[in-house]
Amino acid sequence: MIEVVLNDRLGKKVKVKCNEDDTIGDLKKLVAAQTGTRADKIRIQKWYNVYKDHITLRDYEVHDGMGLELYYN
Amino acid sequence: MANRTDPSAKNIRGTNPQNLIEKIVRTKIYNNTYWKEQCFGLTAETLVDKAMELDHIGGTFGGNRKPTPFMCLVMKMLQIQPEKEIVIEFIKNDDYKYVRVLGAFYLRITGSDTDVYQYLEPLYNDYRKLRSKLADGRFSLTHVDELIDELLTKDYSCDIAMPRIKKRWTLESIGLLEPRKSALEEDFEEEEEKEENDQLNGLDDEVHDKEYYRGRSPERERDRDRRRDRDRYRDRDYDREYDRDRDYDRERGRGRERDRNRDRDRDRDRYRLRDEKDYGRDRDRDREWDGRERERRDRDRGRRRSHSRSRSRSREHKDREGGDHRKRHARSISPRRRDGPDDGTREEPRKKKEKKEKKADGTDHPDPEIAEANRLRASLGLKPLNV
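Residues numbered from 1 in each chain as written. Chains lettered and ligands numbered in written order. Predicted model: local features only at pLDDT ≥ 70, side-chain atom pairs only at ≥ 80, totals over all residues. Heavy atoms only, no water.

The name recorded for chain B in an unreviewed UniProt entry is Pre-mRNA-splicing factor 38, from Rosa chinensis. In its Sequence similarities (unreviewed entry) section, the UniProt entry covering chain B states "Belongs to the PRP38 family." Per UniProt, chain B carries the Function (unreviewed entry) text "Required for pre-mRNA splicing." (UniProt positions renumbered as here; feature names shortened; annotations may be inferred.)

Looking up chain A in an unreviewed UniProt entry gives the name Ubiquitin-like domain-containing protein, with the organism given as Rosa chinensis.

Enquirer: Explain the overall build of chain A to me, using residue names and the numbers behind them.
Expert: Along the backbone of chain A there are 1 helix and 5 strands. For chain A, the N- to C-terminal ordering of α and β elements is β-β-α-β-β-β. For chain A, the proportion of its 73 residues judged to be buried stands at 42%. When the accessible area of chain A is evaluated, it comes to approximately 4000 Å², of which 48% is carbon and sulfur surface. (Helix = DSSP H or I, 4+ residues; strand = E, 2+ residues; numbered from the N terminus. Buried < 20%, exposed > 50% of the residue type's maximum accessible area, 1.4 Å probe, protein only. Areas by Shrake-Rupley, 256 points an atom, 1.4 Å probe, with all protein chains shown as cover.)

Enquirer: Give a detailed account of the sheet that holds strand β4 (residues 129–133) of chain B, specifying residues and quantitative values.
Expert: All names here are of chain B. Spatially, 3 strands are ordered β1-β4-β5 in an open sheet, and the strand pairing comes out mixed. Each of the sheet's edge strands pairs with one partner strand only, and the pair in question is β1 (57–58) and β5 (139–143). Where β4 meets β5, 5 bridges bridge the pair, whose relative direction is antiparallel. Its bridge partner being in β5, Leu130 is matched across the sheet by Thr142. Helix-sheet contacts for helix α8 (residues 144–153) involve β1, β4 and β5, and the interaxial angle to β5 is about 85°. (Pairing = 2+ DSSP bridges. Contact = heavy atoms within 4.5 Å. Axes fitted to C-alpha atoms, helices over the stretch in contact; angles between N-to-C directions.)

Enquirer: Which residues make up the environment of Ala32 of chain A, and what values do they have?
Expert: Residue position: Ala32 of chain A is located in helix α1 (residues 24–35). Separated by 10 residues in the primary sequence, Ala32 of chain A and Ile42 of chain A have C-alpha atoms spaced 7.7 Å apart.

Enquirer: Explain the packing of aromatic side chains to me, using residue names and the numbers behind them.
Expert: In this structure the tally under the stated criterion is 4 aromatic pairs over all chains. Taking 5.3 Å as the distance between ring centres and 50° as the angle between the ring planes, the aromatic pair formed by Trp47 of chain A and Tyr48 of chain A counts as tilted. As far as the burial class goes, Trp47 of chain A and Tyr48 of chain A line up, both exposed. For the cation-ring pair, Lys76 of chain B lies above Trp35 of chain B, with the distance from its terminal atom to the ring centre recorded as 5.0 Å. (Phe/Tyr/Trp six-rings, centres within 6.5 Å; stacked < 30°, edge-to-face > 60°. Lys NZ or Arg CZ within 6 Å of the ring centre and 35° of its normal.)

Enquirer: Now, about the sheet that holds strand β5 (residues 67–72) of chain A: what can you tell me, with residues and values included?
Expert: Residue and element names in this part refer to chain A. Within the open sheet, the 5 strands sit side by side as β2-β1-β5-β3-β4. Their pairing is mixed. Each end of this open sheet is capped by a strand with a single partner; those strands are β2 (13–18) and β4 (49–50). One ladder, built from 4 bridges, connects strand β3 (residues 42–46) with β5; its direction is antiparallel. Among the inter-strand pairings, Ile44 is bridged to a residue of β5, identified as Leu70. Set on the sheet, α1 makes contact with β1 (2–7), β2, β3 and β5; between it and β2 the angle comes to about 130°.

Enquirer: Give me the lowdown on the nonpolar core, citing residues and values where you can.
Expert: Ile29, Phe70, Leu73, Leu102, Phe105, Leu120 and Ile148 of chain B are the most contacted members of the largest nonpolar core, which totals 51 residues. Apart from the residues within four sequence positions on either side, Phe105 of chain B is in contact with Phe70, Val74, Leu151, Ser157, Cys158, Ile160 and Met162 of chain B. (Core = buried A, V, L, I, M, F, W, Y, C linked by side-chain atoms within 4.5 Å.)

Enquirer: Pulling in residues and values, what's your account of the environment of Thr5 of chain B?
Expert: Residues and elements named next belong to chain B. Position of Thr5 relative to the elements: it lies in the segment before α1 (23–30). The class of Thr5 is buried, set by a relative accessible area of 12%. Thr5 sits 12 residues away from Pro17 along the chain, and the two C-alpha atoms are 7.6 Å apart. Side chain to side chain, Thr5 and Asn16 meet in a polar contact 2.7 Å long. (Polar contact = N/O pair within 3.5 Å; in protein donor to acceptor, adjacent residues only side chain to side chain.)

What follows is the structure, given as structure tokens:
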């Protein structure tokens with residue numbers, strides 16, 4: 001289990017507990033549940049790399065405590 | 001400025017009509033090539049020509065959420081705000097289904113509640129196919145009546161948030177609308193009569209009826225071939241139908257308002273009440289059963305070990321590793337005899353099932369935060385956290 005921090009630089013900072021083999025799509029659902037936005041409106045990036053929905057966190061090498069950027073579609 | 005709303009346009013729902021589409025989606029549309037090239041300087045007449053060229057509906061798609069031409073045209077209509085008569089003409093026209101759907105969509109966003117129900121419900125009879133673009137860029141098949149259903153019941157469609165409208169029964173109770181008359185009502189009445197005649201003839205017996213009603217769901221009722229299916233339901237897979245019905249009831253509970261809107265048959269109400277009663281009763285029964293299982297497990301653990309040496313030893317080993325420790329701390333091992341002589345054959349499957357339930361859910365983790373997270377994950381359909 002890892003904990004990922006998502007920050008949208010506009011006031012929303014969210015800590016989400018998830019598994020390493022969860023996909024980005026699952027992470028978006030968890031974030032949506034916590035922030036109240038819709039899951040398909042969320043975009044997760046790291047610098048200019050937009051993370052795709054079907055790839056797992058482990059494959060993106062997202063580790064415990066790592067910060068991701070939260071944007072909206 | 002090309003993106004300004006027509007100055008003679010009225011405010012819709014208290015705001016500039018273009019604001020009915022969210023800021024981000026709106027910006028995406030303004031930056032779109034189709035909008036800039038094709039939708040510049042369109043009037044109501046030329047808009048019809050563009051609408052006739054449409055060949056798919058959809059929201060935003062792709063990695064950078066490009067809007068579809070359908071959305072651009074909706075935006076254009078919001079910008080120029082055509083007369084209501086024109087929109088109704090769009091809906092009434094039969095030849096071009098995408099024009100119809102465009103008009104319906106626009107009316108749903110901008111029209112008053114009564115208008116929405118009045119003009120969109122006849123479109124339920126349109127069964128034509130539509131091509132719908134999904135978020136990942138692929139096309140999928142849908143139908144006009146499915147889309148209308150989505151417009152009337154969901155609050156999001158094609159990446160545009162639908163304004164809230166009053167429920168149908170509210171409008172009916174105020175008197176602004178007539179109760180819904182379905183196009184299939186005559187067919188239902190026919191079926192009803194046929195069934196009643198059969199009952200009178202004594203083709204069904206009491207038990208058979210009950211099983212049949214339980215296994216039914218409104219979708220299947222609409223199916224005209226229910227008579228053929230009847231025997232199939234009765235004989236095999238009774239449990240499966242029952243489980244499926246339970247799930248369906250759970251779903252239906254959420255969408256119950258929708259069912260009330262489409263209140264067609266008094267019979268259907270009768271079935272629904274009966275099904276809901278069964279569902280509630282079964283849930284309580286299962287909960288009791290689970291509690292009793294856990295006590296039985298504690299009691300049986302000692303007894304099991306004495307039975308066969310090799311098997312129990314491996315099982316002990318397995319138990320001691322994980323679950324047993326926790327169980328010992330959490331609950332007392334003193335046997336509580338609630339049941340009578342236990343059934344040796346039913347022990348194993350029950351024990352296995354309970355073990356699976358404990359492991360699968362994870363919502364009873366000692367750490368409350370993790371338990372809460374697992375609960376959320378279970379509600380979203382994800383596996384629990386592997387701590």
